[in-house]
Amino acid sequence: MEESEISNQKSAITMNLYDRIPNNVNLSEDKKLQRALEKWLPNYIDWWREMGPDGFQEKDVWLRTAVDVGSEGWAHFDYVKMPDYRWGIFLEPPQPDAKVGFGDNYGRPAYQEVPGEFRNALRRIIVTQGDTEPASVEQQRLLGKTCPSLYDMRNLFQVNVEEGRHLWAMVYLLHGYFGRDGRDEADALLERRSGNPDKPRILEAFNQPCDDWLNFFAFTMFTDRDGKYQLSALAESGFEPLARTCQFMLTEEAHHMFVGDTGLGRVARRTAQLMKEGDVRELGGIPLDIIQKYINFWFSYSLDLFGGEISSNSADFFAAGLKGRYKEQDQYSEHTATNEIFNLAVVEDGELKNREVPLRNALNEVLRTEYVKDCEKGLARWNKVLNDEGRSERLFLPHPRFHRHVGEYAGHSFDIAGNLISKEEFESRKPEWLPTIEDREYVRSLMHPVYEVGKIANWIAPPAAGIKGKPFDFEYVRL
Ligand SMILES: [Fe+2]
Ligand SMILES: [Fe+2]
């Protein structure tokens, strides 16, 4: 590409790929915003160098870079050193006559500016989403040093640079639509640190250590998938710049979940193979019960990210047309959700009882239910792997009430099947359900890097295919 501007006929928006900050929002026409973001850029690069992948910043990594929007042909693949990655600001093209698609303002023109009365709420939504992006990069920063293969290392770095781009996406909205407070929030996004007791990241799942590859795969399977559902709900937003931003982020997010889903499937496959040979531990594999405990841990923490089951915020955001349901336009014909009732089990007087909740107040739970259905598909794929390898054991999702720290079930104890139990019973059975220190140490003891082209660690099976038509034994990272 030689032109400094490529006009994309399909989307009729201009890709400015060679600006200091690549973008398709005509940044050069808004000098004030451009200056503000160019001021933020070096701070971002400093953050990346300090908190991004440790030890591989000067290596050539075969990465995809967004060069267009839309689902076809939007990415360019080549070797790049991560600090030179072209992070940019890309939104899906605007829809002519976009309308608010749900809530009290259903059918009115979409908001091109932040509605005044929802300014604080909307800023909070964007900051909370934005905070998860750098947080995950921080959580994963040491994993390159124990990668099971160069293929996996490349996927890790791909996820990392794209989380960095997602941070850019949210920072663009903060700078572009929230003035002074937005700029302050954008600075704070580079100041908090995952797991730091003094300045932690906002959401708990993003302060949990992600220091081995089983954690990484479970995180990208379950926690990135929460991101998919949050972004999908925001992609429906009546605040159009947010909707268009999230729509494009979802295009990138699919690969992150692919990494987690296939990663855990490959671990399960290798474990099943080793089970045929003898004792999995003696053979240096990860026993199925440890895989199950990691699933329990990350699934339950990821459920918390959806917020309380009964939530006036969710009702307000929906009413205002800011945050919709999953596939609001495709899946529903009635978009005000005013008269419906949602039935929910809640704890009352030490027992589980049914409570009727106005649907608008239960929208976090509605979104969480969609998420659980999606996770179940992953479990079915892994169980098919076990079946194909001749095993009758099965992996499963714990009940959504299990091990919760947010919402109606926080502060109560449930077993893995969702039965209310005493705190004492939970504590005594916890080692059956959640990774123990010994489990974590065992998994960590297997994490030795494999840096040779085409080689793979013993505890995981190779992928079914490489990336973008390249074979598994392609040199994905030049060390
Ligand atoms: Fe992300
Ligand atoms: Fe992601």
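Residues numbered from 1 in each chain as written. Chains lettered and ligands numbered in written order. Predicted model: local features only at pLDDT ≥ 70, side-chain atom pairs only at ≥ 80, totals over all residues. Heavy atoms only, no water.

## Quick look at the overall build of the protein chain
Regarding its fold elements, the protein chain presents 12 helices and nine strands. A compact globule built from 479 residues should have a C-alpha radius of gyration of about 23 Å, and the protein chain, at 23 Å, falls within 12% of that. C-alpha atoms of the protein chain, sized along the principal axes, occupy 65 × 60 × 40 Å. The burial tally for the protein chain puts 59% of its 479 residues in the buried class. Pairs at least 24 apart in sequence give 71% of the contacts found in the protein chain among residues at least 6 apart. Surface exposure of the protein chain reaches about 19,800 Å², of which carbon and sulfur atoms provide 47%. In the protein chain, the 59 positive side-chain charges and the 77 negative ones have mean positions that sit 2 Å from each other. (Helix = DSSP H or I, 4+ residues; strand = E, 2+ residues; numbered from the N terminus. Rg over C-alpha atoms; globule rule 2.2 N^0.38 Å. Buried < 20%, exposed > 50% of the residue type's maximum accessible area, 1.4 Å probe, protein only. Contact = heavy atoms within 4.5 Å. Areas by Shrake-Rupley, 256 points an atom, 1.4 Å probe, with all protein chains shown as cover. Lys, Arg positive; Asp, Glu negative; His and termini not counted. Charge placed at Lys NZ, Arg CZ, Asp CG, Glu CD.)

## Comments concerning the pattern of salt bridges
Evaluation of the coordinates by the stated rule reveals 37 salt bridges. Note that Lys81 is salt-bridged to Asp60, the shortest N-O span being 3.1 Å. Of this pair, Lys81 sits in strand β4 (residues 75-81) while Asp60 sits in strand β3 (residues 60-66), placing them 21 residues apart in sequence. A cluster of three or more residues bridged by salt bridges with shared partners is formed by Glu50, Asp131, Glu138, Arg192, Arg193 and Arg201. (Salt bridge = Lys/Arg side-chain N within 4 Å of Asp/Glu carboxyl O.)

## Regarding the coordination of the iron ion (ligand 1)
At 2.0 to 2.2 Å from the iron ion (ligand 1) lie its protein donor atoms, namely Glu133 (OE), Glu163 (OE) and His166 (ND1). Going along the chain, you hit the donors of the iron ion (ligand 1) in the pattern E-x29-E-x2-H. Taken as an interatomic distance, the gap from the iron ion (ligand 1) to the iron ion (ligand 2) is 3.4 Å; Glu163 donates to each of them. Here Glu133, found in helix α2 (residues 119-139), pairs with His166, found in helix α3 (residues 150-177); they are 33 residues apart in sequence, far enough to count as distant. A single burial state applies to Glu133 and to His166, both of which are buried. (Donors = N, O, S within 2.8 Å, 3.2 Å for Na, K, Ca; no water.)

## As for the sheet that holds β3
One open sheet holds the three strands; their spatial order is β4-β3-β9, and the pairing between them is antiparallel. Two strands in the sheet have a free side with no partner beyond their single neighbour: β4 and β9 (477-478). With seven bridges connecting them, β3 and β4 associate as antiparallel partners. Note on β4: the bridge partner recorded for Ala66 is Ala75. α3 contacts β3, β4 and β9 of the sheet and is inclined by roughly 40 degrees relative to β3. (Pairing = 2+ DSSP bridges. Axes fitted to C-alpha atoms, helices over the stretch in contact; angles between N-to-C directions.)

## Regarding the packing of α2 against helix α4 (residues 179-189)
Interaxial distance between α2 and α4 falls to 10 Å at its minimum, and their mutual angle equals 20 degrees. Comparing the axis directions of α2 and α4 gives the class roughly parallel. Once α2 is placed against α4, the crossing between them reads as right-handed. Of the residues in α4, those touching α2 at Arg119, Arg123, Val127, Gly130, Asp131 and Pro134 are Gly179, Asp181, Glu185 and Leu189. Residues of the contact of α2 with α4, tallied by class, amount to three nonpolar, two polar and five charged. (Parallel < 35°, antiparallel > 145°, perpendicular 65-115°, else oblique. Left-handed = near helix turned anticlockwise from the far one by under 90°. Nonpolar A, V, L, I, M, F, W, Y, C, P; charged D, E, K, R; others polar.)

Just geometry here; none of it tells us what the structure is for.
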